Every structure is written in structure tokens, then in C-alpha cells.
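What follows is each chain in one-letter form.
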Amino acid sequence: QVRLVESGGGLVQAGGSLRLSCAASGRIFSIDAMAWFRQVPGKQRELVAATTSGGGVMITNSVQGRFTISRDNAKNTVYLQMDSLKPEDTGVYFCNAGVAEDSTGHARGYWGQGTQVTVSS
């Protein structure tokens, strides 16, 4: 059993910053990619940023230069630093991780419960 717990969401004015954290716990042998998704009502969940165990990083165009993703492999934790926030960044942010629970290395995708980010204008 693997659990992902997000924290750090909240209400912030436009131009402000927030830092999201997502910690994985439970039966973990290894973690491959870790990512942040965003969902707003009526729209599909979209990928915001992702990072691989080898250090590769992907940031979606709409947040390039404002958001930074990082991870602490020793803590099984991924972070999303969000600066210069805009009202259109508002949504529920979900953490996703590909976790292998044993030495076979077969990874399953897990989701956190989501954390609300609201940016006021």
C-alpha cells in the first residue's frame, strides 16, 4: 500500500508564491517519475510539471519560468515551487508517482488526494 499526501495549497493574491509538497509513504522499493497535475471544474486534469528519478524535468509551457519542480529522493518527496502566480493557475493540484513496491521494478501509478490552490486577482 502506497500513500501520497500533498500539502501547501491555499489562497494567495496574484503575484504571490506557494510551495506544494507531496510525500510518498508505505511499501516503496523505488519511485520513478513524480509529477504535478492541475484540474479545474469542467476540464480534464492537465500535467503541470514532472521529474524523473534520474533528474529529468518537464514544465508545461503555461508555467515556464514561474514554476519549479524538485524532489528529495531520500524523503520520497516532490515539491512544486510556484512563483508569480496568476488567477488562471487556480485549481486543485494533484501529485502522481510511479512506485515500484518490490524488486521486480514494476511501477504502478498512485495519486494524492489533491490540494486546492486559489489565486485572487
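Higher on the page you've got the structure.
Anyway, here's the lowdown on the structure attached to this text. Please read these numbers as outputs of a predicted model, since none were measured by experiment.

**So, the environment of N76**
Step number 1: Along the chain, N76 turns up in the loop between β7 (67–72) and β8 (77–82).
Step number 2: Sequence separation between N76 and V99 is 23 residues, and the spatial gap between their C-alpha atoms is 10 Å.
Step number 3: Ignoring sequence-local partners within four residues, the contact set of N76 consists of C22, A23, A24, I28, I31 and M34.

**Examining the sheet that holds β8**
Step number 1: As summarised here, the arrangement of the four strands in space is β1-β3-β8-β7, forming an open sheet in which the pairing is antiparallel. The open sheet has two edge strands, β1 (2–7) and β7, and neither has a second partner. Pairs of neighbouring strands in the sheet enclose a mean axial angle of 15°, with direction left out of account.
Step number 2: Summarising the sheet, β7 and β8 pair through six bridges and their orientation is antiparallel. In the sheet register, T68 faces β8, and the bridge partner there is Q81.

**Remarks on the state of the cysteines**
Step number 1: Overall, the coordinates contain one disulfide when judged by the stated rule.
Step number 2: Disulfide pairing places C22 opposite C95 at an S-S distance of 2.1 Å. Sign of the S-S torsion, about -80° for the bond between C22 and C95, identifies this disulfide as left-handed. A residue pair is termed long-range when its members are at least 10 positions apart, and C22 in strand β3 (residues 18–26) and C95 in strand β9 (residues 91–100) qualify at 73 residues. As far as burial versus exposure is concerned, C22 and C95 are alike and both buried.

**Examining the environment of T51**
Step number 1: Turning to its location among the elements, T51 is positioned in strand β5 (residues 46–51).
Step number 2: Between the C-alpha atoms of T51 and W36, which are 15 residues apart in sequence, the distance is 9.2 Å.
Step number 3: Ignoring sequence-local partners within four residues, the contact set of T51 consists of D32, A33, M34, G56, V57, I69, R71 and V78.

Scoring rules and cut-offs
- Residues numbered from 1 in each chain as written.
- Predicted model: local features only at pLDDT ≥ 70, side-chain atom pairs only at ≥ 80, totals over all residues.
- Heavy atoms only, no water.
- Helix = DSSP H or I, 4+ residues; strand = E, 2+ residues; numbered from the N terminus.
- Contact = heavy atoms within 4.5 Å.
- Pairing = 2+ DSSP bridges.
- Axes fitted to C-alpha atoms, helices over the stretch in contact; angles between N-to-C directions.
- Disulfide = S-S within 2.5 Å.
- Buried < 20%, exposed > 50% of the residue type's maximum accessible area, 1.4 Å probe, protein only.

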